[in-house]
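Notes for the structure review
Residues per chain, in single letters:
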Amino acid sequence: GHPSLLLSGTIIGINYLKRVCSPTNIRIVLEIGGGYGTLGEILLGDKRNACCYIDVDIPPVSYFATYYLQKLFGKEIADYSEYRDKSEIRIKKIEESFKGAVLCSWQLPRLVGEIDLFVNYHSFAEMEPDVVENYCRIICNLKPNYVIYVI
């Protein structure tokens, strides 16, 4: 998609979320298919947001997201290699050590803990139904309080 359209969709989602809940309830945000990290840029760039952003995507998109977010936030963004050899990736440890992380899709099942917000803009529509079902099972195990899903 065109970057300005992605940005406007992201902003619409954030505005909707702010209308239905208190942003102070959202500390851990997990996005599947976050592209180059627009949502992370918006959330982490606003000092009023005390949150941790985790972007899960496929290579090479995850590489570009890491590059982009690290250009903005430096080493406060963990990349795939930080957790490459971990059989378990504790969300709490990510939150304690970094502002955010970019993980590859095969690392998603290794996440352990809970999230406050799950976000998916359009990428589920590009996947096979069994893949989406598997992702949904994994996300449900992370017990999100809020979900933003756009087809």
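Reading guide: rules and limits
Residues numbered from 1 in each chain as written. Predicted model: local features only at pLDDT ≥ 70, side-chain atom pairs only at ≥ 80, totals over all residues. Heavy atoms only, no water. Core = buried A, V, L, I, M, F, W, Y, C linked by side-chain atoms within 4.5 Å. Buried < 20%, exposed > 50% of the residue type's maximum accessible area, 1.4 Å probe, protein only. Helix = DSSP H or I, 4+ residues; strand = E, 2+ residues; numbered from the N terminus. Contact = heavy atoms within 4.5 Å. Salt bridge = Lys/Arg side-chain N within 4 Å of Asp/Glu carboxyl O. Lys, Arg positive; Asp, Glu negative; His and termini not counted. Expected span 1.5 Å × (residues − 1). Pairing = 2+ DSSP bridges. Axes fitted to C-alpha atoms, helices over the stretch in contact; angles between N-to-C directions.

With respect to the nonpolar core
- Judged by nonpolar contacts, the single largest core of 24 residues is most densely connected at L30, I32, I54, I94, L108 and L111.
- Those elements giving two or more residues to this core turn out to be β1 (28-32), β2 (52-57), α4 (91-97), β5 (100-104) and α5 (129-141).
- Other than its neighbours up to four places away in sequence, L111 contacts L30, I89, I91, I94, L103 and L142.

As for the pattern of salt bridges
- The final tally for this structure, using the stated rule, is five salt bridges.
- The network of salt bridges with shared partners includes R27, K92 and E95.

Here we look at unusual backbone geometry
- Following P59, the chain continues to P60 via a peptide bond in cis, the omega torsion being 0 degrees.
- Here P60 lies in the loop between β2 and α3 (61-73).
- Positive phi, close to 75 degrees, is recorded for H122, a residue that is not glycine.
- Within the secondary structure, H122 sits in the loop between β7 (117-121) and α5.
- The phi angle at K143 is positive, at roughly 50 degrees, despite the residue not being glycine.
- Tracing the sequence through the fold places K143 in the loop between α5 and β8 (146-150).

Examining the side chain of D57
- Within the element layout of this structure, D57 appears in strand β2.
- One buried charge, D57, has no salt-bridge partner; the nearest side chain with opposite charge is R110, at 16 Å.
- Discounting residues that sit within four places of it in the chain, D57 has contacts with G33, G34, G35, S62, L103, C104 and S105.

Remarks on α5
- For α5, which comprises 13 residues, the first-to-last C-alpha distance of 19 Å matches the rise-based estimate of 18 Å (1.5 Å per residue) to within 8%.
- Looking one or two places after α5, you find K143, whose phi comes out positive at around 50 degrees.

Regarding the sheet that holds β1
- One open sheet accounts for six strands, arranged β3-β5-β2-β1-β7-β8; its pairing is parallel. Two strands in the sheet have a free side with no partner beyond their single neighbour: β3 (77-78) and β8.
- Bridge count between β2 and β5: five bridges; the pairing is parallel. Among the inter-strand pairings, Y53 is bridged to a residue of β5, identified as G100.
- Across the face of the sheet, helix α2 (residues 38-45) comes into contact with β1, β2, β3 and β7 while running at roughly 175 degrees to β2.
- The sheet strands contacting α3 are β2, β3 and β5, and the helix crosses β5 at an angle near 165 degrees.

Any functional reading would require information beyond the geometric quantities listed.
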